[in-house]
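Given next are the chains, with one letter for each unit.
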Amino acid sequence: MGSEMYYTRNVYLRCMAAIYLSAFSSFYVQIRGLYGPNGILPSHANLGIQDERHVFDKFWENPTLLHLAPMFGLTVSYCMELFALTGILLSFLGLVYQKICNLFVFFTLWLLYLSLYKVGQTFLHFQWDIMLLESGFITIVVAPIIYSKKRRTTPRDRLCFWLVKWLLFRLMFASGVVKLTSKCPTWWNLSALTVHYESQCIPNPLSWYFHQSPVWFHKLSVVATYVIEIALPFLFFAPFRKLRLFSCYGQILLQVMIIASGNYNFFNLVTITLCFSLMDDRHLFGVQNNKKAQAMENIVTGITLGLLIYFTVLWFGIDLGKEVPIHSEIRFSAKEFEAALKLAVPASIAIGATSFFFVACTSLYDLVFRSRSSLFEYILNVIQYVACFTVAVFLFGISLVPYSTLNPATRTSLPAFLNRWHGQFDQFHLTSSYGLFRSMTGVGGRPEVILEGATELQGPYNEISFKYKPGQIERPCSFIVPHQPRLDWQMWFAALGTYHHNPWLVSLAYRILTNESDVINLLDSNIYNEFEEDWPPKYIKGSLYTYRYTSSSDHSDTGNWWKRTRVSDYLPIFSSDHEPLIKYLENQRILGQPDITLTNTLLASFLDKVWVICNATEPHIFIWALLVSSFVVTRLS
């Protein structure tokens, strides 16, 4: 009989509720500025409400409940607010009351987030969004229909929880592999972290201190990252729980260090939550402390860890250096790694399939021979097991399609029906490919777009500050986890290209010129004080800068966290009456009337009042207020 995981599953479900709460609340406070009728990318332009096809046909092609906005008598952006608020309420209740964390609630949360994602356009197309959708769908399968009074693990629980483990494996293994397959020089010479802390999208106050670490420590940290992301995930499927727990806490350590050194919204929290699939009640709560075969487990664990250390030292050339405390360098070539990957990817699939088969068989054995339920409960458990087994086989099968992109030979050898299934359900984002930090940007300095406004064409131009991204060199970045400031993040990506590839940036400039309050709310709250009577600007332009962290001595002398150099013009000078600008935005369907007329004024008025209350403070404070409040209510109930 497998380990009990009833309470572990419940902790996982509560954590997923907390993540949904963070995601929905973070998104909610940005809807009007990003997607309102006068927002940066109005949502009505992306939905096609006037399409006369049946709602089901439109939903299958573009699965979002926002097709129903006319039925609510709301515009698309108002309907987005309604859905986000519903998600906040349901996830808050799930975080407070365990029995709310059931299949129906998590299905609703997943469907609501999918509905928002499908019209989110460039501001919602991040890996953590699709990862939340995939983990959210798996959570539907993990969550019980109703909670049994007997409080014990059912045969379906281990089967469903295995899907969480498989997602965690694919996420971590792929994230490690793509760093090397990208052939990025900084990842191969182990210098990536000498660049990462200052070039990441939104640093936090500790990022500057991490950046000051010696080069040898940065290199050793990269080695540790490779070991945690590439080697340790194979231990997820080890038959010995100590090895699984070792690999589990390796992943948690990495995620905690990422949280400490940068602002990555709820992504790391999702990853930590997935790690609960490697735990059980015995570990978390001391339930069923079985000591059988402990000696053998200790021996195998010791041998495995010894081999892990040996090959880490061998492949990364770790030794005590003469000039540095610890020297490290990669001792294998790109061709050798590609050859190993050709074996590792199909081997990992085989290991995963074997692990799944074992879990399915042991769960079935428990169901048939060790069930202590009544006849009705037994029949219900059988039905649930068959349904969960079918869903698990389907999800495992289609997950191989995006996962096998790590090795083209494996991809071409997959059965054709798996590719067909994946294509038929791709619009629901049930499974995706992952690969974080594939290549390191900002090697020669962090590129940053700075918007500037003026009342006269000749200037002087004053900097337009954002809430969270680097701007003024004397201002450190804030700690805002789990908030996802989507405009600030997108500004980082804009700096890597040109404004021609980012029509939303042109729209942002226009909305600033026309002083759209919902868009201005996404910028620094002190912007009115900085411009005083010169707000809004009559002219706006953008400049490309290169930012670098100051050294410890420079920071001590000047108090500045950054130093910057102007590189070039980025955005030409625009004014609100610039005809080519207006025509361009009209062609992009950014300017224009919504396709839906607002008729439900009562509900719209209610949403307006809630909006004012929720935006009375900074977004990250609002999110933490919800999380802390739910914790207090939980402790008091």
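Residues numbered from 1 in each chain as written. Predicted model: local features only at pLDDT ≥ 70, side-chain atom pairs only at ≥ 80, totals over all residues. Heavy atoms only, no water.

Caption draft 1: Up close: the environment of Q30. As for its position among the elements, Q30 is in the loop between helix 1 (6-28) and helix 2 (31-35). Q30 sits in the buried class, given a relative accessible area of 4%. Spatially, the C-alpha atom of Q30 lies 43 Å from that of N381, the residues being 351 residues apart in sequence. Ignoring any residue separated from it by four or fewer positions in sequence, one finds Q30 in contact with H483, Q484, P485, R486, L487, L522 and W611. (Helix = DSSP H or I, 4+ residues; strand = E, 2+ residues; numbered from the N terminus. Buried < 20%, exposed > 50% of the residue type's maximum accessible area, 1.4 Å probe, protein only. Contact = heavy atoms within 4.5 Å.)

Caption draft 2: Expanded view of the sheet that holds strand 4 (residues 562-575). Strand order across the open sheet formed by four strands is 2-1-3-4, with antiparallel pairing between neighbours. Single-partner strands in this sheet number two, and they are strand 2 (462-463) and strand 4. Pairing analysis gives nine bridges linking strand 1 (residues 446-454) to strand 3 (residues 539-549), with the strands arranged antiparallel. Bridged to A454 within strand 3 is Y539. Where helix 23 (residues 503-513) meets the sheet, it contacts strand 1, strand 3 and strand 4, and its direction lies at approximately 75 degrees from that of strand 4. (Pairing = 2+ DSSP bridges. Axes fitted to C-alpha atoms, helices over the stretch in contact; angles between N-to-C directions.)

Caption draft 3: Spotlight on a nonpolar patch on the surface. On the surface, M296, I299, I303, L307, Y310, F311, L314 and W315 cluster together into a nonpolar patch covering about 810 Å² of accessible area. Among the structural elements, L307 can be located in helix 17 (residues 294-315). Residue classification places L307 among the partly exposed positions, given a relative accessible area of 45%. (Patch = residues over 30% accessible without salt bridge, like charges linked within 9 Å, V, L, I, M, F, W, Y side chains within 5 Å. Areas by Shrake-Rupley, 256 points an atom, 1.4 Å probe, with all protein chains shown as cover. Salt bridge = Lys/Arg side-chain N within 4 Å of Asp/Glu carboxyl O.)

Caption draft 4: A look at the environment of L626. With respect to the helices, strands and loops of the structure, L626 is situated in helix 29 (residues 619-636). Residue classification places L626 among the buried residues on the basis of a relative accessible area of 16%. Between the C-alpha atoms of L626 and A45, which are 581 residues apart in sequence, the distance is 32 Å. With residues near it in sequence (within four places) discarded, L626 still touches L21, S25, I88 and F92.

Caption draft 5: Summary view of the pattern of salt bridges. One pass over the full model with this rule turns up 18 salt bridges. Between K179 and E229 there is a salt bridge, with its nearest N and O atoms 3.0 Å apart. Of this pair, K179 sits in helix 9 (residues 155-181) while E229 sits in helix 13 (residues 215-231), placing them 50 residues apart in sequence. Given the relative accessible area of 2%, K179 is considered buried. For the salt bridge of K469 with E448, the shortest nitrogen-to-oxygen distance reads 3.0 Å. Of the two residues, K469 is situated in the loop between strand 2 and helix 22 (486-494) and E448 in strand 1; the sequence distance between them amounts to 21 residues. One salt-bridge network, held together by shared partners, links R9, R156 and D157.

Caption draft 6: Expanded view of the nonpolar core. One finds Y28, I40, W110, L487, W504 and L508 to be the most contacted residues of the largest nonpolar core, which totals 194 residues. Considering each element in turn, this core owes the most residues, 17 residues, to helix 9. Apart from the residues lying within four places of it in its own chain, the contact partners of W110 are Y20, L133, G136, F137, I140, F428 and L430. If you look at the next biggest cluster of nonpolar residues, it comprises eight residues, including W208, C477, Y545 and W562. (Core = buried A, V, L, I, M, F, W, Y, C linked by side-chain atoms within 4.5 Å.)

Caption draft 7: Here's a closer look at the packing of helix 9 against helix 15 (residues 267-274). In contact at an axis separation of 9 Å, helix 9 and helix 15 are set at 130 degrees when each is read in the N-to-C sense. As judged from the angle between their axes, helix 9 and helix 15 are oblique. The hand of the helix 9/helix 15 crossing is left-handed. Listed contacts from helix 15 to V164, L167, L168, L171 and M172 of helix 9 are F267, T271 and L274. (Parallel < 35°, antiparallel > 145°, perpendicular 65-115°, else oblique. Left-handed = near helix turned anticlockwise from the far one by under 90°.)

Caption draft 8: Here's a closer look at empty space enclosed by the protein. Per the stated rule, a full pass over the model turns up four cavities of 30 Å³ or more. Estimated volume of the largest cavity: approximately 60 Å³. If you go around the largest cavity, the residues you meet are E134, I138, L163, W166, R170, L395, F396, S399, L430 and T431. Elements that contribute at least two residues to the lining of the largest cavity include exactly helix 8 (127-142), helix 9 and helix 19 (375-403). (1 Å grid on protein atoms, 1.4 Å probe; cavity = no way out; pocket = protein on both sides within 12 Å on 5 of 7 lines; lining within 4 Å. Points joined across faces, edges and corners; volume = space filled by probe spheres on them.)

Caption draft 9: Summary view of the packing of aromatic side chains. By the definition in use, this model includes 62 aromatic pairs. Residues Y264 and F437 carry aromatic rings whose centres are separated by 5.6 Å and whose planes lie at 85 degrees to one another, so their mutual orientation is edge-to-face. Pair noted here: Y264 is in the loop between helix 14 (241-261) and helix 15 and F437 is in the loop between helix 21 (416-424) and strand 1, with a separation of 173 residues, a long-range link. Residue placement shows K179 over the ring face of W187; its charged tip is 5.2 Å from the ring centre. (Phe/Tyr/Trp six-rings, centres within 6.5 Å; stacked < 30°, edge-to-face > 60°. Lys NZ or Arg CZ within 6 Å of the ring centre and 35° of its normal.)

Caption draft 10: Quick look at the pairing of strand 3. Examined bridge by bridge, strand 3 and strand 4 share ten bridges and lie antiparallel to one another. Note that in strand 4 the partner of Y545 across the bridge is R566.

Caption draft 11: Spotlight on the side chain of S22. For S22, the position within the fold is in helix 1. Residue S22 is classed as buried on the basis of its relative accessible area of 2%. Discounting residues that sit within four places of it in the chain, S22 has contacts with P482, I623 and L627.

Caption draft 12: Representation of the state of the cysteines. Within this structure, the stated rule accounts for zero disulfides. Sulfur of C388: no disulfide; nearest cysteine sulfur belongs to C160 and is 3.5 Å away. Here C477 stays unpaired: no disulfide links it, and the sulfur of C201, its closest cysteine neighbor, is 11 Å away. (Disulfide = S-S within 2.5 Å.)

Caption draft 13: Region of interest: unusual backbone geometry. Of note, the amide linkage connecting G459 to P460 takes the cis form, showing an omega dihedral of 5 degrees. Topologically, P460 is positioned in the loop between strand 1 and strand 2. The linkage connecting V481 with the following residue, P482, adopts the cis geometry, with an omega of 10 degrees. With respect to the helices and strands, the residue P482 is situated in the loop between strand 2 and helix 22.

Caption draft 14: Structural context of the environment of H620. Counting through the fold element by element, H620 comes out in helix 29. A C-alpha to C-alpha distance of 5.5 Å links H620 and I480, two positions 140 residues apart in sequence. Not counting residues up to four positions away in its chain, the partners in contact with H620 are Y468, F479, I480 and H483. Here Y468 takes part through its side chain, which lies 3.2 Å from a polar atom of the side chain of H620. (Polar contact = N/O pair within 3.5 Å; in protein donor to acceptor, adjacent residues only side chain to side chain.)

Caption draft 15: Region of the structure containing the packing of helix 6 (residues 76-96) against helix 28 (residues 601-614). Look at helix 6 against helix 28: their axes get within 11 Å of each other, and the N-to-C directions meet at 60 degrees. By the criterion of interaxial angle, the relationship of helix 6 to helix 28 is oblique. The interaxial crossing formed by helix 6 with helix 28 has left-handed handedness. Here Y78, E81, L82 and L85 of helix 6 come into contact with helix 28, specifically with L603, A604, L607, D608, V610 and W611. Of the residues assigned to the contact of helix 6 with helix 28, the class counts are eight nonpolar, no polar and two charged. (Nonpolar A, V, L, I, M, F, W, Y, C, P; charged D, E, K, R; others polar.)

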